[in-house]
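A structural walkthrough
Read off the chains here:
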Amino acid sequence: DKVIRVVPESERETQILKAAFNRLKVDMWQPSSTFHIAEGTVTDVRVPQNTSRSLLPYLQQANIPYMILISDLQSVIENQTGSRSHRHRRSLSEYNYEVYHTLEEIQSWMHHLNNTHSDLVHMFSLGKSYEGRPLFVLKLGKRSRPYKKAVWMDCGIHAREWIGPAFCQWFVKEALETYQTDPAMRKMLTQLYFYIMPVFNVDGYHFSWTNDRFWRKTRSKNTRFWCHGVDANRNWKVKWCDQGASFHPCDDTYCGPFPESEPEVKAVAYFLRKHRKQIKAYLSFHAYAQMLLYPYSYKYATIPNFSCVESVAYDAVNALQSAYGVRYRYGPASSTLYVSSGSSMDWAYKNGIPYAFAFELRDTGHFGFLLPETLIKPTCTETMLAVKNITLHLLKKCH
């Protein structure tokens, strides 16, 4: 399999690409569906080996230039997950935050922290996934007073975006390691609670390790079709299944049979609704595009507290850039990325959480969903600066 990049330069090229990609059932990496392909849109697609034999000559014939981003996908995947057997699991005290971890490893890591850092960590489950796995969350913070504002963070809504769960774990590690020495972190954990869900889509994430590295959706079964799963970021009750989501169960952006049809989405939505007075920020971590997005996703419109949110985003991307010079684009999701309905970020905002952000972490397509483990540390280090920046903003009043 290959990953190619095409940027249509005219309406004609746009239509040719849409038709070809729909006909050949390629795997859309960026944007998430052919619906979003437009003139000037950077389009990354995974092309199966047998398809590339017909597609690439077809593009040449149609005079549409393309670039090969990854020429042999299998070898890249094997480099990432194949060597697991050789790097034996070490004890949790030597847990390696610079490799990707299976769901089992992440969950035993959570149990371990719950047992060893009970002063700052409390682990609980929101419910069960479609396949019956627990939906674990870590509540992080000093039990300094009965009522504290809180920040919600989730990673891995989309199964194949492995850098997300890696960041959620990194955040917890940094918080626990620097709590004593860093005044900013101390302030954050004293004055706030963090609810951290390292893997939102547990079934999908497990499946991306065992069966299909590029699986995106949940794993619920559809009775009428042979297709599994719903896009957990199109399943929320906010302009559900409108623009940028699909009604077809086999599509990657399938919105589900009804809002909150997925037990994972339903459980998180229930929790956020119950705590909406306390939770002041909602942060969701995705990949890839190097963007910091805020509402709205589902329409081109300015949010009421735009000036506050915009200034937070501006400061956060500058903080992020200060580490390695990586520049993130920021802005409303609809105009910065593309219009999509039923997203968790819009839902959180609509339900009274004033600061709702979605990060699209590294990179911009060179590795795509296969970000090498050597880039976990820099990616997490810079993202950490942005998240701390957003959090410290919450503790100041924005006018």
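Here, the structure is the one placed above.
One structure accompanies this document, and this report is about it.

The rules behind each value
- Residues numbered from 1 in each chain as written.
- Predicted model: local features only at pLDDT ≥ 70, side-chain atom pairs only at ≥ 80, totals over all residues.
- Heavy atoms only, no water.
- Helix = DSSP H or I, 4+ residues; strand = E, 2+ residues; numbered from the N terminus.
- Polar contact = N/O pair within 3.5 Å; in protein donor to acceptor, adjacent residues only side chain to side chain.
- Contact = heavy atoms within 4.5 Å.
- Pairing = 2+ DSSP bridges.
- Axes fitted to C-alpha atoms, helices over the stretch in contact; angles between N-to-C directions.
- 1 Å grid on protein atoms, 1.4 Å probe; cavity = no way out; pocket = protein on both sides within 12 Å on 5 of 7 lines; lining within 4 Å.
- Points joined across faces, edges and corners; volume = space filled by probe spheres on them.
- Nonpolar A, V, L, I, M, F, W, Y, C, P; charged D, E, K, R; others polar.
- Domains from an automatic or database assignment.
- Expected span 1.5 Å × (residues − 1).
- Buried < 20%, exposed > 50% of the residue type's maximum accessible area, 1.4 Å probe, protein only.
- Arc of directions from axis to C-beta.

**Quick word on the side chain of Asn222**
Topologically, Asn222 is positioned in the loop between helix H7 (202–210) and helix H8 (263–274). A distance of 3.0 Å separates the side chain of Asn222 from the backbone nitrogen of Arg224, its partner in a polar contact. A distance of 2.9 Å separates a polar atom in the side chain of Asn222 from the backbone nitrogen of Phe225. The residues touching Asn222, leaving out its near neighbours within four places in the chain, are Cys227, Pro249 and Tyr254.

**Description of the sheet that holds strand S11 (residues 329–332)**
Ordered in space as S5-S6-S8-S7-S9-S12-S10-S11, the eight strands form an open sheet in which the pairing is mixed. Across the chains shown, the open sheet's two edge strands, defined by having one partner strand only, are strand S5 (121–128) and S11. Between one strand and the next, the sheet's axes are offset by a mean angle of 20°, whatever the strand orientation. Strands in contact with helix H9 (residues 306–324) are strand S10 (291–294), S11 and strand S12 (355–361); relative to S10, the strand with the most contacts, it is inclined by about 170°.

**With respect to the layout of surface pockets**
The calculated volume of the largest pocket comes to roughly 680 Å³. Forming the walls of the largest pocket are 30 residues, and the residues nearest its centre are Lys25, Val26, Cys250, Asp251 and Asp252. Among the secondary structure elements, those contributing two or more residues to the lining of the largest pocket are helix H1 (11–24) and strand S2 (27–30). In the lining of the largest pocket, the residues fall into eleven nonpolar, ten polar and nine charged. Counting the residues that make up the lining of the largest pocket, at least three belong to each of domain 1 (2–71) and domain 2 (92–211 + 241–395). Of the volumes computed, that of the second largest pocket is approximately 540 Å³. Ranked by residue count, the leading element in the lining of the second largest pocket is helix H10 (residues 333–336), at three residues. Among the residues forming the lining of the second largest pocket, the class breakdown is eleven nonpolar, ten polar and three charged. Two domains each provide a minimum of three residues to the lining of the second largest pocket, namely domain 1 (2–71) and domain 2 (92–211 + 241–395).

**With respect to H9**
Every α-helix winds through 3.6 residues per turn, so residues three or four apart in the chain are directed the same way. Relative to the 27 Å expected for 19 residues at 1.5 Å per residue, H9 spans 28 Å between its end C-alpha atoms, a close match to the ideal helical length. Inspection of H9 places Cys308, Val309, Val312, Ala313, Ala316, Val317, Ala319 and Leu320 among the buried residues, and these make up the whole buried set. One side of H9 holds all its buried residues, which, seen down the axis, span an arc of 155°. Exposed residues on H9 whose side chains face more than 90 degrees from its buried face are Ser307 and Ser322. Residues of H9 that are buried make contact with S10, S11, S12 and helix H12 (376–395). Looking one or two residues past H9, Gly325 carries a phi angle of roughly 75°, positive in sign.

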